[in-house]
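Take a look at the letters that make up each chain.
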Amino acid sequence: MNSQDRILILDFGSQVTQLIARRLRESGVYCEVWPYNSAPEARIRAFEPKGIILSGGPASVTEGESPRAPEVIFDMKLPVLGICYGQQTMAAQLGGTVEGGHAREFGRAVVTVTGECAITQGIWAKGALETVWMSHGDRITVLPPGFRVVAESGGAPFALIANDERHYYGTMFHPEVVHTPHGAALLKNFTHGVCGCTGDWTMAGFRAEAIARIRAQVGQGRVICGLSGGVDSSVAAVLLHEAIGDQLTCIYVDHGLMRANESEQVVGTFRDRFNIKLIHRDASELFLGQLSGVTDPEQKRKIIGRLFIEVFEEEQNKLGGADFLAQGTLYPDVIESVSATGGPSVTIKSHHNVGGLPAGMRMKLVEPLRDLFKDEVRALGRELGMPEEIVGRHPFPGPGLAIRIPGEVTREKADLLRKVDTVYLEEIRNAGLYDAIWQAFAVLLPVRTVGVMGDGRTYDMACALRAVTSTDGMTAEFYPFDMGFLGRVANRIVNEVPGVNRVTYDITSKPPGTIEWE
């Protein structure tokens, strides 16, 4: 990675901050996201960014204890782009005024382009009306010295502002979301045009850097990797094996909540194809026993996270000890589990990779994919020469089917859901739709419904089908199957899976829902 070609993103707690990083990386620019309050001057200077982006956030600049950008960023003579809250705190810190109680804007809005600046060059013309995505209650009422207006809307008279001399820019709207059609191009103008980034960051470069980081962290230590067979842990395992070879032992824990025939496929693939040391532990009785009677989804995740570590530690003790535990943690796992501001209000749900680890765990963590989005992990897998049947698989959560069975988890329910899921995915593949969908799965609902089969009354389980499209897992839209397809799937399920007599389709997008049900 070229150390002179980095952008630093300071996070003020927006749920879409990671999308800023996603857009920058799409244009070949390496960037990192740091909580605004974990960025002391020395660390920022050592990072040597070519520009800084201030994210949105849930706070109000008008509150006395609200977050502020580190003053050093205004002393470094670097380009700065403030987005929503980032624009507001930049304006307030540079001598402007921010007030609440004015017009609020949430969702799509139209701005009028009243001028030109470096980040609109070649994209927005003066006098044009442009669609953007807004999410704000406060707004700037007095510009700081040296700034001018470039675009305005009814609820945001300073929708886009610029200080050409200092290369400071601010948007009230969110250019990082897909609902701002030219947002990615505006960000590219900032990174490439204003900051001078060359856009030469590649997955090959990340691979080399990640291998060097792994070797530096691990040294001569022994590493165990929890292998689920999903994309994340599989790519992490192959990357680790390339970096440290036989210092790595993978442990595949069958918690009784995998998809049909998955255990046999995982063990065969990694032992035979990749020649990676692999221990297969059937712990289904342990997991299902501990989950018995548990209905709260957060408690399920915590139990599964704890048991994973306990089983890992048992297996590593049999090996004579290990120094590190490797996981396939991704960026969305981190942002959904940890608030940038340290508060619980913006935590959506804990992830077993992030929130379920016991404080007394003896092994140190190795998380080589922590800075990547799902599609970047797939690209890394292809860079590593991994087969498409692994790299192209839909995401599968670490807790497995446990979070697709609302209510108590039992072996009987898991077996039932496996059969439903198999039929659903088989029909998706038969229709040639698998690669067009980000994630598809079935959920076994905690209700029974009355049905009629063969002139007789049934009282069986209901299931829900879920399929979404997404680029990063942070936002998602339900997949618009035609009714004929859904009818065929439902017909097969109720005829081929005894115990299920009703099928529904989930048409909730994210937000407001999450992709998984729990």
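Residues numbered from 1 in each chain as written. Predicted model: local features only at pLDDT ≥ 70, side-chain atom pairs only at ≥ 80, totals over all residues. Heavy atoms only, no water.

Describing the confidence of the model for the protein
Low pLDDT marks stretches whose predicted atomic positions should not be read closely.
At step 1: Of all residues in the protein, 92% have pLDDT values of 70 or greater, and the mean over the chain is 88.
At step 2: Here residues 338-358 scores under 50 on pLDDT; set against residues more than four positions off or in separate chains, the count is 59 contacts. (pLDDT = per-residue confidence, 0-100. Contact = heavy atoms within 4.5 Å.)

Focus: the nonpolar core
At step 1: Formed by 94 residues in total, the largest nonpolar core has its most connected members in Phe 270, Tyr 424, Ile 428 and Phe 481.
At step 2: Looking at which element gives the most residues to this core, the answer is helix H6 (residues 231-244), with nine residues.
At step 3: Discounting chain neighbours no more than four positions away, the residues touching Ile 428 are Leu 433, Tyr 434, Ile 437, Ala 440, Phe 481 and Phe 485. (Core = buried A, V, L, I, M, F, W, Y, C linked by side-chain atoms within 4.5 Å. Buried < 20%, exposed > 50% of the residue type's maximum accessible area, 1.4 Å probe, protein only. Helix = DSSP H or I, 4+ residues; strand = E, 2+ residues; numbered from the N terminus.)

Structural notes on the sheet that holds strand S15 (residues 324-326)
At step 1: If you walk across this open sheet you meet the five strands as S14-S13-S12-S15-S16, and the pairing is parallel. Edge positions in the sheet fall to strand S14 (278-282) and strand S16 (364-366), since each has one partner strand and no second. On average, adjacent strands in this sheet sit at an angle of 30 degrees to one another, irrespective of strand direction.
At step 2: One ladder, built from five bridges, connects strand S13 (residues 248-254) with S14; its direction is parallel. Bridge pairing in S14 links Asp 254 to Asp 282.
At step 3: On the sheet, helix H5 (residues 203-218) packs against strand S12 (223-226), S15 and S16 and is oriented at approximately 165 degrees with respect to S16.
At step 4: Lying over the sheet, helix H7 (residues 262-273) contacts S13 and S14, oriented at roughly 165 degrees with respect to S14. (Pairing = 2+ DSSP bridges. Axes fitted to C-alpha atoms, helices over the stretch in contact; angles between N-to-C directions.)

Topic: helix H8 (residues 284-291)
At step 1: Turning to H8, its buried residues are Ser 284, Phe 287, Leu 288 and Leu 291. Looking straight down H8, one finds that the buried residues subtend no more than 90 degrees of arc, so they occupy a single side.
At step 2: Those residues of H8 hidden inside the fold are in contact with S13, S14, helix H9 (297-318) and helix H13 (411-430).
At step 3: Just past H8, the residue Gly 293 takes up positive phi, approximately 80 degrees. (Arc of directions from axis to C-beta.)

A short note on the pattern of salt bridges
Two side chains carrying opposite charge are able to pair once their charged atoms lie near each other.
At step 1: One pass over the structure, following the stated rule, counts 27 salt bridges.
At step 2: One salt bridge in this structure joins Glu 262 and Arg 393, with 2.4 Å as the shortest N-O distance. Remark: Arg 393 occurs in the loop between helix H12 (388-391) and H13 and Glu 262 occurs in helix H7; sequence separation between them is 131 residues.
At step 3: With a relative accessible area of 1%, Glu 262 lands in the buried category.
At step 4: In this structure, Asp 506 and Arg 466 form a salt bridge, with 3.3 Å as the shortest nitrogen-oxygen distance. Note that Asp 506 is positioned in the segment after strand S20 (500-505) and Arg 466 in strand S18 (residues 456-469), a separation of 40 residues in sequence.
At step 5: You can call Arg 466 buried: its relative accessible area is 1%.
At step 6: Beyond isolated ion pairs, a larger network of salt bridges with shared partners links Arg 22, Arg 23, Glu 26 and Asp 375. (Salt bridge = Lys/Arg side-chain N within 4 Å of Asp/Glu carboxyl O.)

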